[in-house]
Amino acid sequence: MSTSTGAAASATSYEARFRVWRGDADGGGLHDFRVEVNDGEVVLDIIHRIQATQAPDLAVRWNCKAGKCGSCSAEVNGRPRLMCMTRMTDFARDETLTVTPLRAFPVLRDLVTDVSFNYEKAREVPGFVPPPGVAAGEYRMDQVDVDRSQEFRKCIECYLCQNTCHVVRDHEENKTAFAGPRFLMRVAELDMHPLDAAAQAGLDRRRTAQEEHGLGYCNITKCCTDVCPEGIKITDNALIPLKERAADRKYDPLVWLGSKIRRRGAASGPGA
Amino acid sequence: MTQPERSQWDVVVVGAGGAGLRAAIAARESGARTAVICKSLFGKAHTVMAEGGIAASMGNVNAGDNWQVHFRDTMRGGKFLNQWRMAELHAKEAPERVWELETWGALFDRTPDGRISQRNFGGHQFPRLAHVGDRTGLELIRTLQQKIVSLQQEDFRETGAYESRLRVFQECTATRVLKDGDRVSGAFCYARDSGDFFVLEAPSVVLATGGIGKSFKVTSNSWEYTGDGHALALLAGAPLINMEFVQFHPTGMIWPPSVKGLLVTESVRGDGGVLRNTEGKRFMFDYVPDVFKEQYAESEEEGDRWYDDPDTNRRPPELLPRDEVARAINSEVKAGRGSPHGGVFLDVSTRMSPEVIKRRLPSMYHQFKELADVDITAEAMEVGPTCHYVMGGVAVDSDSAAALGVPGLFAAGEVAGGMHGSNRLGGNSLSDLLVFGRRAGAHAAAYAGSLTARPAVDDVQVDEAAAEALRPFSAEDGAGTPSVPAPDSPGAQAPPAQAPPTEAPPAESPYTLHQELQQTMNDLVGIIRRAEEMEEALVRLGELRARARRAGVAGHRRFNPGWHLALDLRNMLLVGECVARAALERTESRGGHTREDWPSMDAAWRRVNLHCALADPAGTLAAADPERGQIALTRRETPPVRPDLLALFEKEELVKYLAEEEFHE
């Protein structure tokens with residue numbers, strides 16, 4: 001990506017060159033467009049202008065246009081991004097922008113991909129297990145203890161990390177065994193939830209992360225963290241600690257036992 | 001053509017935002033086989049954009065709070081037009097609905113003693129909004145989504161299939177509610193990706209489609225907000241109420257143009273942000289209306305003291321209900337005291353440290369930094385009103401959320417009317433979704449279970465719905481007669497003809513029509529209204545409606561946004577006419593309805609609801625003829641507020657709202 005020569009330029013509009021991938025599962029190719037760009041616009045604005053003026057059936061998935069819903073993921077000049085948060089001033093005015101669908105998922109049409117892989121993986125992660133004996137309204141948790149999981153709950157499920165992770169990006173065969181960064185982070189989120197009672201219910205989240213969700217495939221190259229539009233430290237704060245916890249569980253029964261006892265103590269506090 | 005695939009359910013929920021998902025959970029937990037249909041991907045609904053919080057009188061931060069105080073604030077915010085039984089149920093049940101989310105894994109921000117933290121918001125007497133930074137809507141939607149997944153996991157363990165009792169049809173749109181006589185029999189739908197039609201047969205349909213903001217040019221709403229549920233209800237014969245009340249949130253972004261309308265959360269003011277005009281004056285002190293004089297600070301000093309000592313000081317007027325603040329900003333700009341881009345300044349940088357701002361308002365910090373090159377920890381934001389919420393919606397029974405007059409039809413959330421009266425308080429939307437979503441789902445399930453025979457889906461209605469949905473592929477000719485392809489013609493199923501017949505006027509672009517509709521509503525039925533402008537709006541809407549029948553579509557049916565928009569236009573035009581007609585009829589100013597030509601609130605109007613219904617339910621004549629409206633209005637008197645609820649207010653306050661004779665009843 002080039003530096004921002006456009007930002008300093010005048011506020012007047014200009015004509016940009018866009019190459020947008022159009023097609024479907026049977027194939028397709030890049031189509032050239034010349035299109036007006038105005039002050040403050042983002043890539044999604046330009047895609048919408050192409051739609052409104054030149055290609056009314058151009059398929060694009062979007063929703064909030066505010067970086068909150070994670071719908072408009074695509075690749076801009078090869079980099080996975082949210083189109084609504086990618087400003088045109090990030091590019092030189094004479095640069096041709098190439099917009100293509102997410103590569104790791106099958107194309108439905110144009111910029112829209114079939115992201116059902118992610119919904120299947122979401123279903124394989126058992127949800128929050130409420131602590132037995134703690135009534136609704138009686139949950140007590142300290143802010144410092146929910147901070148970690150709250151960071152992961154900032155996730156807007158744009159699936160840019162899923163799309164970028166090299167474990168599956170070019171290795172379709174790994175998809176069965178690997179949940180991807182987003183859903184390993186979900187396991188970490190639940191494992192770090194101060195009141196999750198999975199262990200009491202006989203569910204070992206750390207073991208399943210390793211054995212069922214493919215945590216071992218991750219070799220912490222941090223590609224997921226790089227593309228996260230929410231700035232979540234997926235690798236450092238979720239995946240590596242989860243690996244450490246899984247390792248503790250595997251190799252050090254005393255550490256594991258100690259952590260369980262402390263956790264139980266914290267969880268029984270709520271009624272107070 | 002091949003017949004649309006049919007499947008059988010007990011309850012169909014249209015919409016997968018907070019209300020829809022909560023309804024689906026309640027229906028499924030009541031034992032009903034439940035289908036959810038939503039336009040976006042599962043988990044992307046407009047609810048994710050809610051920022052500030054969920055209002056519930058848990059009393060975690062100020063123990064003085066309780067449901068009665070919340071009820072009172074809600075009625076004041078709505079200027080006493082609220083369907084009071086809804087406001088009562090809402091205030092009573094909201095805390096349970098919030099606590100329940102924790103048992104499903106939600107992680108709210110905490111108080112020092114480990115409870116759910118609550119923040120101040122406009123119109124709420126006490127800190128009341130449960131929140132997660134300024135991304136509360138995301139937490140809500142994700143929690144409900146994950147609860148649904150865990151119910152599906154339960155079903156998988158028991159039946160071997162995740163979707164045996166609860167299925168989400170994502171990226172699908174319902175275009176018609178089907179009926180067997182008076183009763184609901186299902187919904188006609190299309191899948192956005194394939195373009196295929198399908199029918200969900202069900203005795204109960206819950207509308208949870210959200211609002212109408214995409215009919216306005218400057219809006220905080222996402223593309224989904226095209227009034228689908230409002231239109232589905234009208235077309236099914238259920239009336240809408242309070243459609244003249246549209247909330248313009250006082251603080252939307254105004255610069256750069258591409259983000260104009262994007263929401264700036266009220267939490268900014270709740271946490272201490274102040275509004276200033278270009279002269280640096282905190283102008284809100286000049287705009288405290290008579291009805292609120294007792295409750296708001298008279299000086300900046302008092303307002304500032306309130307943040308630390310709310311018991312002996314009154315709140316600053318920046319925290320007046322949204323309608324008041326939006327009108328005040330509008331007046332300042334009109335008087336020439338606006339900011340460079342035509343708004344006013346909202347400032348937190350002089351009120352809080354950068355660290356606190358980034359912790360409490362992370363999304364706002366990010367949003368301004370990324371989209372406007374503004375660092376809100378160092379400089380003021382420029383803000384102005386943006387269309388945010390519609391108070392009006394389907395007329396429902398308060399307890400059951402059942403739509404009036406159409407057995408089997410239910411509505412919850414923004415698409416339902418009544419709860420918020422003439423103006424909604426911030427934070428009362430997310431709680432509304434949960435309280436009435438649950439009620440709608442449970443009652444829809446109970447109704448479905450009570451029937452001895454399932455209503456039958458009528459093939460003729462299915463064929464008509466299919467023809468209507470295909471119309472944009474064969475734009476109408478100039479004579480005004482529809483040239484809908486026969487359902488079994490090849491063009492109807494395969495990728496259809498690209499161009500209209502040569503003798504016809506050129507097909508209209510749905511994108512152009514949409515932009516003109518948005519401009520019309522924005523300019524003529526916007527925040528400040530006048531009779532002549534609304535009459536003009538009705539003329540333009542009629543013309544747009546006639547042109548919309550020639551809305552043409554290029555390409556084929558697979559994931560074709562032009563086609564989807566062409567179909568949504570029907571809904572936006574219906575809803576736009578409801579707003580304009582009701583706003584023209586109500587000759588007073590109240591809440592989200594401000595008449596320049598009728599500037600006062602009129603107690604005689606307090607008890608009047610305007611019901612919108614189809615003028616010509618059987619035919620298409622009204623739709624085709626630009627001269628004739630599609631909507632007929634009737635005035636209905638609302639039942640008197642129950643005495644024990646009225647007794648929660650001082651007499652001196654009530655006289656400001658109620659007509660003389662209401663005291664003698």
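What you are looking at is a predicted structure, and each value in this text was computed from that prediction instead of being measured. (Residues numbered from 1 in each chain as written. Chains lettered and ligands numbered in written order. Predicted model: local features only at pLDDT ≥ 70, side-chain atom pairs only at ≥ 80, totals over all residues. Heavy atoms only, no water.)

A. Quick look at the side chain of Thr377 of chain B. Residues and elements named next belong to chain B. On the secondary structure map, Thr377 appears in the loop between α10 (362-372) and β16 (381-390). Overall, the relative accessible area of 12% leaves Thr377 in the buried class. A distance of 2.6 Å separates a polar atom in the side chain of Thr377 from a polar atom in the side chain of Asp375. (Helix = DSSP H or I, 4+ residues; strand = E, 2+ residues; numbered from the N terminus. Buried < 20%, exposed > 50% of the residue type's maximum accessible area, 1.4 Å probe, protein only. Polar contact = N/O pair within 3.5 Å; in protein donor to acceptor, adjacent residues only side chain to side chain.)

B. Looking closely at the domain arrangement of chain A. Residues and elements named next belong to chain A. The domain architecture assigned to chain A consists of domain 1 (5-113) and domain 2 (116-267). Each of domain 1 and domain 2 has a C-alpha centre, and the two are 33 Å apart. Taken together, the 16 residues of domain 1 in the interface contact 18 residues of domain 2. Summing both partners gives a buried area of about 1200 Å² for domain 1 against domain 2, and 51% of it is carried by carbon and sulfur. Of all residues in domain 1, the largest losses of buried area upon contact with domain 2 belong to Arg103, Ala104 and Phe105, amounting jointly to 42% of the total for that side. Our enumeration of links across domain 1 and domain 2 arrives at two salt bridges. Between Asp170 and Arg103 there is a salt bridge whose closest N-O contact spans 2.8 Å. Counting the contacts that link domain 1 with domain 2 gives eight residue pairs in polar contact (both at pLDDT 80 or more). For the side of domain 1 that touches domain 2, the elements supplying multiple residues, two or more each, are β3 (73-76) and β4 (79-82). With four residues, the top contributor of residues to the side of domain 1 that touches domain 2 is β4. (Domains from an automatic or database assignment. Contact = heavy atoms within 4.5 Å. Buried area = accessible area lost by both parts, 1.4 Å probe. Salt bridge = Lys/Arg side-chain N within 4 Å of Asp/Glu carboxyl O.)

C. Up close: the side chain of Glu332 of chain B. Residue and element names in this part refer to chain B. In this fold, Glu332 is placed in helix α8 (residues 322-334). Side-chain polar atoms of Glu332 contact the side chain of Arg337, separated by 2.9 Å. In this structure Glu332 touches Asn277, Phe283, Tyr287, Arg337, Gly338 and Val344, once residues within four positions along its chain are discounted.

D. A look at the packing of helix α1 (residues 18-29) of chain B against helix α11 (residues 428-450) of chain B. All names here are of chain B. Where α1 contacts α11, the two axes come as close as 7 Å, and the packing angle between them is 40 degrees. Between α1 and α11, the angle is such that the two are oblique. The way α1 lies across α11 gives a crossing that is right-handed. Only Leu433, Leu434, Gly437, Arg438, Gly441, Ala442 and Ala445 of α11 make contact with α1, whose side of the interface consists of Gly18, Ala19, Arg22, Ala23, Ala26 and Ala27. The residue inventory of the contact of α1 with α11, partitioned by class, reads eight nonpolar, three polar and two charged. (Axes fitted to C-alpha atoms, helices over the stretch in contact; angles between N-to-C directions. Parallel < 35°, antiparallel > 145°, perpendicular 65-115°, else oblique. Left-handed = near helix turned anticlockwise from the far one by under 90°. Nonpolar A, V, L, I, M, F, W, Y, C, P; charged D, E, K, R; others polar.)

E. Just the confidence of the model for chain A, in detail. In this model, chain A carries a mean pLDDT of 90, and residues with pLDDT of at least 70 account for 87%. Counting interchain partners and residues more than four positions distant, the pLDDT-below-50 stretch residues 1-10 of chain A has 21 contacts. (pLDDT = per-residue confidence, 0-100.)

F. Spotlight on the sheet that holds strand β18 (residues 409-411) of chain B. Residue and element names in this part refer to chain B. Read from one edge to the other, the open sheet built from five strands follows the order β7-β3-β2-β11-β18, with strand pairing classed as parallel. This sheet does not close on itself; its edge strands, each paired only once, are β7 (166-170) and β18. Geometrically, the sheet is characterised by an average inter-axis angle of 20 degrees between neighbouring strands, direction not taken into account. Pairing of strand β3 (residues 34-38) with β7 involves five bridges; the strand directions are parallel. Among the inter-strand pairings, Thr34 is bridged to a residue of β7, identified as Leu166. Contacts from helix α5 (residues 228-236) reach β2 (11-14), β11 (204-207) and β18 within the one sheet, and its direction differs from that of β11 by about 140 degrees. (Pairing = 2+ DSSP bridges.)

G. Broad picture of the pairing of β2 of chain B. Residues and elements named next belong to chain B. Alternating positions in β2 separate into two faces, Val11 and Val13 on one and Val12 and Val14 on the other, with burial throughout. Looking at chain direction, β2 and β11 are connected through four bridges and run parallel. Across the sheet, residue Val13 finds its bridge partner in β11, namely Val206. Sheet topology note: the β2/β3 ladder contains four bridges and is parallel. Across the sheet, the residue bridging to Val12 is Ala35, located in β3. The parallel pair β2 and β3, bridged by α1, forms a crossover whose chirality is right-handed. (Right-handed = clockwise from strand over helix to strand, strands pointing away.)

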